[in-house]
Amino acid sequence: MASGKERGELNTLAFDMGEQVNDQPGETAGKTRGSSRVAEDDRNKPVYSVTDVPPWYLCIILAFQHYLTAFGGIIAVPLILSEGLCLQHDSLTQSRLINSMFFVCGLSTVLQVTFGIRLPILQGSTFALVTPTMAMLSTPEWKCPAWTQNASIVNTSSPVYIEEWQTRLRALQGSIMVASLLQILLGFSGLIGFLMRFIGPLTIAPTVSLIGLSLYDAAGAKAGSHWGIAAMTTMLIILFSQYLRLIPVPLPAYSKIKGLHSSKFLIFQIMPILLGVAVSWLICYLLTISDVLPSDPAQYGHLGRTDVMGNAVTDASWFTLPYPGQWGTPTVSLAGVIGIMAGIICSIAESVGDYHACARLSGAPPPPKHAISRGIGIEGLGSLLAGAFGTGNGTTSFSENVAALGITKVGSRTVILLSGVFMIFLGMLGKFGAIFTTIPTPVIGGMFLVMFGVITAAGIANLQSTDMNSSRNIFVFGFSMFSAIAIPNWIGKNPNFIDTGVKEVDQVLHVLLTTHMFIGGFFGCLLDNTAPGTKRERGLLTWNKMDPEDSNTLETEEVYDPPFGITSFLSSRSWARYIPFCPWKGHTSQHKSDSNMSQSQGNEGIHCERSELALV
């Protein structure tokens, strides 16, 4: 297997005129060109895997694409919360919340890629906390006064008004900080690693798939603001990512040897999302200045204009520096803590699914338990920071950006690390971030149609290691999926059905029973671990070990090891085996020795048992 540096050279997307274009450049692709099966496998390999580093200019462009992909989801949460916080007429404070959210998401991304799961997975705001947050803010205690709803009498600089929204935000951020301690405990204590022995493909598949399926309403609502523009955006992304992905485009390039010269790039494969959004955005701008799109907000298609949020750029400051406690000393609401804890449980289930999907799409082996423990712990730390900075939300792995890996085939964590740095920097530049609020709603909707579809498919792809000819597996997956769609739909239509007499309990039950991912993952885990079935049938033999024949796996489990010599230090310390979130090389060496012995003896059962032991 080639080293990371060698693969980076083989996978470079720049090549001179006359050279052949292939998803797997180099001698390997030439030798396997005669085999249709190998060629098909090569198409699914990432152009850049986890440890590969693309050229600096591609890193910048791709990192910016991830920023743009996450922008819609990150900016949506503060805007949704603004009404419950009495801020719907205070655009300046909304802008500061958005800047704070980007700043904290950037910090969390850097921590996650460097010390957490170490996969190319971006951290963003989590919709799992929006429902319990709005439930808390809708209680009589926190209901906004009537005068804050009237834009004509609200004075956003009045001390009385400022105290109104800051009191609510302080209670919210304190509740998030306390609830995030649960996620930190589950992660760094290793309890997540213990629970992972009960989580297999039939648990992960419905959880990840429902991440995409449950967002159909949001995608449809945005796309429905102008179906023509949304369809144009979707078709452009499909055209670039599927039909033009192998067509090289000559662009100027520079190297020390050749100087300034012309090289060809597979630009459509690397940046289909950014190109699709940019072209649609430009067309919407032309339709706006020519008044083709209606200027009346009551008419259909008005949200396709690029000047709908034009005031946001004018009102935003040039520079802002978010800091902990910027709204005052946080307070705690018991109802808020209980509700947000329920949301965090759902967020954890989503993140574990995202880890597996991200590993598959980026050419990494399935994440070991110590890496998952660190990842969940760092996410809890990110939510703690989000609460301290007063964003009104927590952080989680962003499914939209996991989907972007599947389309671009670029799984380099260097790109995501740079994207985190971008978010930190741009979170301090109010006007620059405000520019992207001019992206028309239907353009975002068209992008979501592609993104959430890929997430759904990535979840279903986890079933390839199971025996789907088994009636048992068909029942487990089918029942989990259908129940996760039917139950939340019914609860949403009958919100008063849950009435235990205790508001906090009602909030927790409502959140759990209206979260598709939680129900699908719960039934999948319960049935998969109780219904009789062999490990091979359940897909655990492949799931719990790295398959050397898997053409999509380009790395070893060392990609999950902490950096800066931490792993080398721990490898010589016997006590490291007792720290759940630390890798211990003695374990790995023993596992490899046992695997070789079991292969020579042909004893598959012993091999699988020891493989599971090595992942404890």
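Labelled according to an unreviewed UniProt entry, the chain appears under the name Solute carrier family 23 member 1-like, originating from Seriola dumerili. If you open the UniProt record of the chain and go to Sequence similarities (unreviewed entry), you find "Belongs to the nucleobase:cation symporter-2 (NCS2) (TC 2.A.40) family." Of the chain, the UniProt comment under Subcellular location (unreviewed entry) reads exactly: "Membrane".

Hey, could you run me through the overall build of the chain in this one?
Regarding its fold elements, the chain presents 28 helices and four strands. When contacts within the chain are restricted to residue pairs at least 6 apart in sequence, long-range pairs at least 24 apart make up 81% of them. Accessible area for the chain stands at about 26400 Å²; split by element, carbon and sulfur atoms hold 64% of it.

Hey, could you run me through the confidence of the model for the chain in this one?
Should the pLDDT be low somewhere, the predicted coordinates at that spot are not to be read in detail. Per-residue pLDDT for the chain has a mean of 76; in total, 80% of the residues score no lower than 70. Across the chain, helix α16 (residues 369–389) holds the top mean pLDDT of 91, while helix α28 (residues 604–614) sits lowest at 35. Confidence drops under pLDDT 50 across residues 1–34; counting only partners more than four residues distant or on other chains, this segment forms 63 contacts. For the stretch residues 587–616, pLDDT sits under 50, and the model shows 25 contacts to residues farther than four places along the chain or on other chains.

Honestly, a nonpolar patch on the surface in this entry has me stumped. Any pointers?
A cluster of nonpolar side chains, I487, V502, V505, L509 and L513, forms an exposed patch at the surface whose accessible area comes to about 310 Å². The biggest single contributor to the nonpolar patch is helix α22 (residues 503–513), with three residues. Positionally, L513 belongs in helix α22. Look at L513 and you get partly exposed, because its relative accessible area is 31%.

Quick question: what am I supposed to make of the state of the cysteines here?
This model, assessed by the stated rule, comprises one disulfide. Put simply, C86 and C144 are joined by a disulfide, and their sulfur atoms are 1.9 Å apart. Taking the sign of the torsion about the S-S bond as the criterion, the disulfide between C86 and C144, at about -100°, is left-handed. Taken together, the residues C86 in the loop between α4 (56–84) and α5 (91–115) and C144 in the loop between α6 (130–137) and α7 (159–188) connect sequence positions 58 residues apart. The same class applies to C86 as to C144, namely buried.

Quick question: what am I supposed to make of the environment of P297 here?
Take P297: it is sitting in the loop between α13 (272–289) and α14 (310–315). Classification of P297 by relative accessible area gives exposed; the value is 64%.

Looking at this model, I keep getting lost on helix α20 (residues 441–460). Mind explaining?
Along an α-helix, residues three or four apart share an orientation, since each turn contains 3.6 residues. Helix length check: α20, at 20 residues, gives a terminal C-alpha distance of 29 Å against a target of 28 Å (1.5 Å per residue), a fit within 8%. With 14 of 20 residues buried, α20 lies mostly within the body of the structure.

I'm lost on the packing of helix α10 (residues 216–223) against α20 in this one. Help?
To describe two helices that pack against each other, one gives the angle between their axes and the distance between the axes. The contact between α10 and α20 brings their axes to 7 Å, and the two run at 145°. Where α10 crosses over α20, the handedness of that crossing is left-handed. Of the residues in α20, those touching α10 at A219, K222 and A223 are T441, P442, I444, G445, G446, F448, L449 and F452. Residues that form the contact of α10 with α20 fall into these classes: seven nonpolar, three polar and one charged.

Can you help me understand the packing of helix α11 (residues 227–243) against α13 in this one?
Relative to each other, α11 and α13 sit at 145°, their axes nearing to 8 Å. Along this stretch, α11 crosses α13, giving a crossing that reads as right-handed. Residue-level contacts link I229, M232, T233, L236, I237, F240 and S241 of α11 to P272, I273, L275, G276, V279, S280, I283 and C284 of α13. Taken together, the residues of the contact of α11 with α13 break down into eleven nonpolar, four polar and no charged.

Help me out: how do you make sense of α7 in this one?
Between its terminal C-alpha atoms α7 stretches 42 Å, which fits the 44 Å expected from 30 residues at 1.5 Å a residue. The first or second residue beyond α7 is G190, which carries a positive phi of 85°.

Would you mind showing me how to read the pattern of salt bridges here?
When their charged atoms lie close together, side chains carrying opposite charge are able to pair. Summed over the entire model, instances satisfying the criterion amount to five salt bridges. R168 serves as the salt-bridge partner of E164, at 2.9 Å between the closest nitrogen and oxygen. Of this pair, E164 and R168 are both found in helix α7, four residues apart, which corresponds to roughly one turn of the helix. A residue is classified by how much of its surface remains accessible, and E164, at 21% relative accessible area, is partly exposed. With relative accessibility at 5%, the residue R168 sits in the buried group. Put simply, D528 and R472 hold a salt bridge, and the shortest N to O gap is 3.0 Å. With D528 in helix α23 (residues 516–530) and R472 in helix α21 (residues 471–493), this residue pair connects regions lying 56 residues apart in the sequence. Through salt bridges with shared partners, one network takes in R472, D528 and R538.

I tried to follow the packing of aromatic side chains on my own but got confused; where do I start?
Here a ring pair, both rings aromatic, is described through the centre-centre distance and the interplanar angle of the planes. Per the stated rule, a full pass over the model turns up seven aromatic pairs. Taken together, a centroid distance of 5.8 Å and an interplanar angle of 10° make the contact between F475 and F479 stacked. Of this pair, F475 and F479 both sit in helix α21, separated by four residues, roughly a single helical turn. F479 sits in the partly exposed class, given a relative accessible area of 35%.

Can you help me understand the nonpolar core in this one?
In a soluble, globular protein the nonpolar side chains are often hidden away together inside. The biggest cluster of nonpolar side chains holds 92 residues, and the ones touching the most others in it are L85, I117, L119, M447 and Y560. Here the element with the most residues in this core is α20; it accounts for nine residues. Non-local contacts of M447, meaning those with residues more than four positions away in its chain, are made with T69, T233, I237, I273 and V277. Counting 14 residues, the second largest nonpolar core, distinct from the first, contains M101, F102, C105 and M423.

Whenever I open this one, the side chain of S100 confuses me. Can you help?
You can see S100 is positioned in helix α5. On the basis of relative accessibility, which here comes to 1%, the residue S100 falls in the buried class. The contact partners of S100, leaving out residues within four places of it in the chain, are P322, Q326 and T391.

Conventions used here
Residues numbered from 1 in each chain as written. Predicted model: local features only at pLDDT ≥ 70, side-chain atom pairs only at ≥ 80, totals over all residues. Heavy atoms only, no water. UniProt positions renumbered as here; feature names shortened; annotations may be inferred. Helix = DSSP H or I, 4+ residues; strand = E, 2+ residues; numbered from the N terminus. Contact = heavy atoms within 4.5 Å. Areas by Shrake-Rupley, 256 points an atom, 1.4 Å probe, with all protein chains shown as cover. pLDDT = per-residue confidence, 0-100. Patch = residues over 30% accessible without salt bridge, like charges linked within 9 Å, V, L, I, M, F, W, Y side chains within 5 Å. Salt bridge = Lys/Arg side-chain N within 4 Å of Asp/Glu carboxyl O. Buried < 20%, exposed > 50% of the residue type's maximum accessible area, 1.4 Å probe, protein only. Disulfide = S-S within 2.5 Å. Expected span 1.5 Å × (residues − 1). Axes fitted to C-alpha atoms, helices over the stretch in contact; angles between N-to-C directions. Left-handed = near helix turned anticlockwise from the far one by under 90°. Nonpolar A, V, L, I, M, F, W, Y, C, P; charged D, E, K, R; others polar. Phe/Tyr/Trp six-rings, centres within 6.5 Å; stacked < 30°, edge-to-face > 60°. Core = buried A, V, L, I, M, F, W, Y, C linked by side-chain atoms within 4.5 Å.

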